[in-house]
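# Survey of secondary and tertiary structure
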Amino acid sequence: MASSEITLEAVPSIGEVSAEDWNACANPSGVADLGPSSALSGDCTGLSTPAYNPFVSHAFLSAAENSGSATARTGWGPRHLIAKVDGKVAGVVPCYLKSHSQGEYVFDRGWADAYERAGGRYYPKLQVSVPFTPATGPRLLIRDGVDRARIAEALASGLIALCGVSKASSVHVTFAREAEWKLLASHGFLQRTDQQFHWHNHGFATFDDFLATLNSRHRKSIKRERREALAAGITIHWLTGSDITEDAWDAFFAFYMETGSRKWGRPYLTRKFFSLIGESMSRDVLLVMARRNNRWIAGAINFIGADTLFGRNWGAVEHHPFLHFEVCYYQAIEFAIKRGLKNVEAGAQGEHKIARGYLPQTTHSAHFIADPGLRRAIDDYLKRERAYVAEAGRELAEMGPFRKGLEEAP
């Protein structure tokens with residue numbers, strides 16, 4: 001392996017890499033239905049083999065492309081970086097050439113505006129991420145049985161080279177694992193942090209076990225919210241695998257469009273995307289659906305990883321007090337406890353999640369800025385921003401709802 005040459009290329013579609021090769025890099029420890037698994041031992045880079053992550057799977061990313069959701073037309077032109085050794089795919093990076101900064105959840109519009117006011121051209125830029133998905137996961141995807149450290153170094157250097165070849169202003173690796181964040185920093189990427197709110201399972205057997213860790217005020221509040229959410233005769237249903245029919249997708253897509261139209265102006269995902277993931281990865285999907293008077297009225301889509309439930313989109317055509325909290329947060333906790341999952345990641349932002357047992361968690365992104373002047377300005381800004389994020393995280397953690405002496409570990 002040490003004497004073999006690593007070759008790099010960028011491909012304009014994930015379809016140019018076989019599902020077998022891509023998944024061997026993206027999820028080398030196996031598939032979701034093998035059950036929860038811990039990351040394997042790491043190497044000198046700290047880049048251990050990750051537990052199963054549905055978002056970096058070939059099925060999810062190809063659904064985003066083939067549905068017309070993440071394409072050059074929508075400003076997400078695939079430029080996936082592929083590393084090969086002796087002609088065999090050894091590592092991949094999900095990468096897109098972007099003409100805007102939408103659908104990323106790590107905000108750099110201020111950087112773009114400042115650079116363009118100064119006469120620069122910020123777009124196109126390269127985005128290493130899962131489109132429209134603010135969930136931490138592996139970004140430098142490396143198969144087992146290779147020199148992981150060497151392939152990781154090649155992929156990091158390759159991203160910088162691809163930036164130059166693509167005439168892009170920058171490379172943005174968002175929602176990366178911390179070890180990748182540190183590795184990329186050694187290649188000149190600037191380090192950025194932010195906060196999300198995650199729930200952690202401490203071996204709870206029931207939802208009541210979780211409630212028992214909360215102080216009296218928050219425990220009573222959650223019980224009241226759960227009662228009132230269902231007071232109008234609403235029932236909650238978990239749909240996964242073959243239970244998710246096209247009728248269920250139609251209903252959920254209506255919820256998604258209603259919320260997306262209000263929040264973003266134009267929702268990112270097409271109706272076809274949901275059918276495609278229903279065909280290829282329905283066992284990785286949990287729809288939490290609310291029903292009243294024999295029709296679906298609200299729902300949330302979640303994706304099931306090896307040890308984490310990832311909450312994604314929510315919507316409703318009827319609005320009832322606390323229904324959002326029930327469908328998105330409390331039902332996710334119930335499902336995680338039943339499945340023995342260690343974590344629930346409930347998406348971006350939302351300090352209101354703290355009172356419901358979701359505590360602050362640092363997220364990481366890395367940014368290569370080609371222009372030295374813009375790089376210096378952003379570097380200075382990020383130093384101050386990281387300090388602010390760290391202090392805000394400490395303050396928010398102190399607001400947690402847990403009983404004294406039973407606070408969750410960070």
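Refer to the structure printed above.
Okay, so let's go over this structure. Note on numbering: residues in each chain are counted from 1, in written sequence order. Side-chain atom pairs in this predicted model are given and counted only at pLDDT of 80 or more, local residue features only at pLDDT of at least 70, and totals for whole chains, interfaces and linings cover all residues. Hydrogens and water molecules were not included; the side-chain quantities draw on all heavy atoms of the structure.

### Observations concerning the nonpolar core
In terms of nonpolar packing, the biggest core is built from 47 residues, with F274 and I277 touching the most fellow members. Elements represented by at least two residues in this core include exactly α1 (19-26), α2 (58-66), β4 (88-93), α8 (246-263), α9 (271-280), β11 (285-292) and β12 (295-304). Examining the composition of this core, we find that 7 residues originate from one element, α8, more than from any other. Among buried residues, those of type Ala, Val, Leu, Ile, Met, Phe, Trp, Tyr and Cys that are joined through side-chain atoms within 4.5 Å constitute a nonpolar core. Residue exposure (1.4 Å probe, protein chains only): buried if accessible area is under 20% of the type maximum, exposed if over 50%, otherwise partly exposed. Comment: elements are numbered from the N terminus, with helices defined as DSSP H or I runs of at least four residues and strands as E runs of at least two.

### Overview of the pairing of strand β8 (residues 170-176)
For a regular strand, side-chain orientation follows a simple rule: the groups alternate between the two sheet faces. A large share of β8 lies buried, amounting to 7 of its 7 residues. Here a strand pair is declared whenever DSSP counts at least two bridges between the two strands. Bridging between strand β6 (residues 125-128) and β8 involves 3 bridges; their strand directions are parallel. Across the sheet, the residue bridging to L126 is V171, located in β8. Pairing of β8 with strand β15 (residues 359-369), which is carried by 5 bridges, proceeds in the antiparallel orientation. Residue pairing for β15: S170 is matched across the bridge by I369.

### Considering the pairing of strand β5 (residues 95-98)
Side chains of β5 alternate between two faces, with C95 and L97 and Y96 and K98 buried alike. Direction of pairing for strand β2 (residues 76-78) relative to β5: antiparallel, over a ladder of 3 bridges. Residue pairing across strands places W76 opposite K98, the latter belonging to β5. As defined by bridge partners, β5 adjoins β6 across 4 bridges and the pair is classed as antiparallel. Counterpart to K98 in the pairing with β6 is K125.

### Overview of the sheet that holds β4
Reading across from one edge, β1-β3-β4-β7 is the order of the 4 strands in this open sheet, with antiparallel pairing throughout. The open sheet terminates on both sides in strands that have one partner only, identified here as β1 (6-11) and β7 (141-142). Across 2 bridges, β4 lies against β7 in antiparallel orientation. Along β7, the bridge assignment pairs V92 with L141. Across the sheet, α1 touches β3 (80-85), β4 and β7, and the angle it forms with β4 is around 60°. Contacts between residues were defined by any pair of non-hydrogen atoms, one from each residue, lying within 4.5 Å. Interaxial angle, 0 to 180 degrees, is taken between N-to-C directions of lines fitted to C-alpha atoms, where a helix line uses only the stretch in contact.

### A closer look at α2
Counting buried residues in α2 gives 7 out of 9 residues, a clear majority hidden from the surface. Along α2, the residues classified as buried are H58, F60, L61, S62, A63, A64 and E65. The elements touched by buried residues of α2 are α1, β2, β3, β5, α9 and β12.

### What about empty space enclosed by the protein?
Only protein atoms enter the 1 Å grid used here. Points where a 1.4 Å probe fits but cannot escape make up a cavity, open sets with protein on both sides within 12 Å along at least five of seven lines make up a pocket, and a residue lines them when an atom lies within 4 Å of a point. Grid points are joined across faces, edges and corners, and a volume is the space filled by probe spheres set on the points. For the structure shown, the criterion picks out 3 cavities of 30 Å³ or more. There is about 70 Å³ of room inside the largest cavity. Elements that contribute at least two residues to the lining of the largest cavity include exactly α9, β12 and β13 (308-316). Each residue is assigned to one of three groups, with Ala, Val, Leu, Ile, Met, Phe, Trp, Tyr, Cys and Pro labelled nonpolar, Asp, Glu, Lys and Arg labelled charged, and all others, Gly among them, labelled polar. Split into classes, the residues belonging to the lining of the largest cavity amount to 8 nonpolar, 2 polar and 1 charged. Here the second largest cavity is characterised by a volume of approximately 50 Å³. Along the walls of the second largest cavity sit S69, T74, W76, H100, Q102, F132, R266 and Y268, which together make up its complete lining.

### Describing the packing of aromatic side chains
Stacked, tilted and edge-to-face pairs are distinguished by plane angle, under 30 degrees for stacked and over 60 for edge-to-face with tilted covering the rest, among Phe, Tyr and Trp rings (Trp via its six-membered ring) whose centres lie within 6.5 Å. Counted according to the given criterion, the structure contains 25 aromatic pairs. Plain terms: the ring middles of F322 and F325 are 6.3 Å apart, the flat faces sit at 35° to each other, and that makes the pair tilted. Members of the aromatic cluster, each reached through a chain of ring pairs, are F55, F60, W249, F252, F253, Y256, F273, F274, F303 and F310. Positioned over the ring face of F207 is R226, at 4.3 Å from the centre of the ring. A ring is considered to have a charge above it if a Lys NZ or an Arg CZ atom is located within 6 Å of its centre and within 35 degrees of its normal. Above the plane of the ring of W296 lies R291, whose end atom (NZ or CZ) is 4.5 Å from the centre.

Bear in mind that shape data such as this cannot, by itself, settle questions of function.
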